[in-house]
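Coordinate analysis (summary)
Residues per chain are reported as follows:
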Amino acid sequence: MKKIEDIINLMIRRGFVFQSYEIYSGLKGFYDFGHLGVLLKNNIKNLWLKFILKEDNIFLLETPIITKSEVFKASGHLENFYDLLVECKSCHNRFRYDVYLKGDYGKVKKNNEKFFCPLCNGELTEPKKFNLMFKTYVGPTEESSTQAFLRPETAQGIFVNFDNYTKIYRTKLPFGIAQIGKAFRNEITPKNFIFRIKEFEQMELEYFIDPNDKIDWLSYWLDKSMNWYINILGFKKDNLIIYEQPQKELAHYSKKTLDVYYKFPFGEDEIQGIANRGDYDLNSHLKFSGKDLRYFNDKTKQKVIPYVIEPSWGVERILLALICDAYDEDEINNEKRIVLRLSPNVAPIKIAVFPLLSNKEGLINKAKEVFDHLKEYYLEIIYDENGSIGKRYRRQDEIGTPFCLTIDFQSLEDNTFTIRNRDTLQQERVHFNELLNYFKEKIKKF
Ligand SMILES: [Zn+2]
């Protein structure tokens, strides 16, 4: 059984992730991504861009994080995007009401319709709405007219641009607008490391369809997503679960939502949602802005408000799931080895280059020559001459590097090198002139 503590320990020890503001005792729900974390994140995002841009009629967009209040008034977030909280009248700790009722803070204590604090037994207040959006002000005065919000989803920036895409890009249904960007939610109980955090990155696609379209686009995007997880990111199929949200759990905008869950060591949880938002958003923005956001279908000569299918992927959640999926422990020569069996597509470092010994100038010079040559083609490459070869292999195994190339004495004679495979542990000898072909074959670009 994999333990989340071991995985978190590895991610911190190897510099994928750091607690934000650690030297000031940290800030709960915020994390920094180190060099390897950023490389891994970028691979996920780039592979996602390739995946969706291969589809027909997908367009990109980037909109501001700070969002005008009117947008969230129209979208319903000001009114509906909240958690119910109860506060202890004695110790003033606050608890999410639904989590409290589930017993996740400890035993539920109830007497005469009153609930009591799981920490100090003080009386709890009635549940109060707590909006999850971060508030800010645009301009020099802090008043309601200058109030704005950090977006809790990137989607609204897409909806308010709908008209631009049909007019300027002359898009025809069905078409999609995609955005990668930060979103913010003032979660009361951030938890499970980078799984539930307050500042996170989303990859969202709003896929606009004719309301009379009979194709099941929800299933279409689910199938495409599953293919991406398994065949491109390298997830084990058995660790992914499809979950249909029951009616009562649906977000205020959704008619139907399918989620992709990953079997994390701490339990199954969501890494992607695919919601049928119907015409909820465009309709609301049409009403609130007074702009005609209807779409003219030139085949049927009718104006319609398109429906929206929204697949929404969480970057940090996918990153954590990938590392959980890849994490493995085995034994080499009776010694325990920790290894991340990441697909070469996503591995933050693809190739490590070592001189066999660090005190032989000939080996070092040759190693640097090979390193410089490969770096012209692969930026995700590392040079390491510290410690024994065994120790260097272990370090690369722990960060998921699929290939380690070693320059030895034979290399100086015949210009060949050993390449060691992380998973099979097999070593092959490859000539300098064959290196690029070798890696091109193993590290597929698609
Ligand atoms: Zn209390």
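Residues numbered from 1 in each chain as written. Predicted model: local features only at pLDDT ≥ 70, side-chain atom pairs only at ≥ 80, totals over all residues. Heavy atoms only, no water.

Glancing now at the coordination of the zinc ion. Metal coordination angles in their ideal form are 109.5 degrees for the four-donor tetrahedron and 90 or 180 degrees for the six-donor octahedron. At this site the zinc ion is bound by Cys88 (SG), Cys91 (SG), Cys117 (SG) and Cys120 (SG), with donor distances of 2.2 to 2.4 Å. Bound by 4 donor atoms, the zinc ion shows angles of 100 to 117° at the metal and therefore tetrahedral coordination geometry. Each donor residue of the zinc ion lies on one chain, and together they are spaced C-x2-C-x25-C-x2-C. In this structure Cys117 comes out as buried when scored by relative accessible area, which is 0%. (Donors = N, O, S within 2.8 Å, 3.2 Å for Na, K, Ca; no water. Tetrahedral: all angles 85-135°; square planar, octahedral: opposite > 155°, others 65-115°. Buried < 20%, exposed > 50% of the residue type's maximum accessible area, 1.4 Å probe, protein only.)

Moving on, we get to the nonpolar core. Ranked by size, the top nonpolar core spans 60 residues in total, and within it Met11, Trp221, Trp228, Tyr229 and Ile318 carry the most contacts. It is helix α10 (residues 315–326) that contributes the most residues to this core, 9 residues altogether. Among residues more than four places away in sequence, those in contact with Trp221 are Phe51, Ile52, Glu55, Ile58, Leu205, Tyr207, Ile274, Ile309 and Pro311. If you look at the next biggest cluster of nonpolar residues, it comprises 20 residues, including Val353, Phe403, Ile419 and Ile443. (Core = buried A, V, L, I, M, F, W, Y, C linked by side-chain atoms within 4.5 Å. Helix = DSSP H or I, 4+ residues; strand = E, 2+ residues; numbered from the N terminus. Contact = heavy atoms within 4.5 Å.)

Here we take up the sheet that holds strand β15 (residues 256–264). Strands in a sheet are paired, the pairing made by backbone hydrogen bonds, and the direction either parallel or antiparallel. The strand order across the open sheet built from 7 strands is β3-β12-β13-β19-β16-β15-β14, with neighbouring strands paired in mixed fashion. Each edge of the open sheet carries a strand with a single partner, namely β3 (58–60) and β14 (240–244). Going from strand to strand, the sheet's axes swing by 25° on average, the running direction of each strand aside. This element, helix α8 (residues 217–232), spans β3, β13 (199–209), β14, β15, β16 (267–278) and β19 (307–314) of the sheet and lies at about 145° to β16. Across the face of the sheet, α10 comes into contact with β13, β15, β16 and β19 while running at roughly 35° to β15. (Pairing = 2+ DSSP bridges. Axes fitted to C-alpha atoms, helices over the stretch in contact; angles between N-to-C directions.)

Further remarks concern the packing of aromatic side chains. This model, assessed by the stated rule, comprises 36 aromatic pairs. A ring pair is formed by Phe95 and Tyr105, whose centres lie 5.0 Å apart and whose planes are at 65°; its orientation type is edge-to-face. Residue Phe95 is found in strand β6 (residues 94–96), and its partner Tyr105 is found in the loop between α5 (97–102) and β7 (109–111); the two are separated by 10 residues along the sequence. Phe95 sits in the buried class, given a relative accessible area of 5%. (Phe/Tyr/Trp six-rings, centres within 6.5 Å; stacked < 30°, edge-to-face > 60°.)

Turning our attention to the domain arrangement of the chain. Each domain of the chain was delimited in the assignment, giving domain 1 (4–78 + 154–183 + 198–324), domain 2 (82–131) and domain 3 (349–442). Each of domain 1 and domain 3 has a C-alpha centre, and these two points are 38 Å apart. Surface buried jointly by domain 1 and domain 3 totals about 600 Å² across both partners, of which 55% is contributed by carbon and sulfur atoms. Our count for the domain 1 to domain 3 interface comes out at 2 salt bridges. The tally of links between domain 1 and domain 3 comes to 3 residue pairs in polar contact (both at pLDDT 80 or more). Of all the elements in the fold, those that place two or more residues in the side of domain 1 that touches domain 3 are α1 (4–13) and α2 (35–53). Sorting elements by how many residues they give to the side of domain 1 that touches domain 3 places α2 first, with 3 residues. (Domains from an automatic or database assignment. Buried area = accessible area lost by both parts, 1.4 Å probe. Salt bridge = Lys/Arg side-chain N within 4 Å of Asp/Glu carboxyl O. Polar contact = N/O pair within 3.5 Å; in protein donor to acceptor, adjacent residues only side chain to side chain.)

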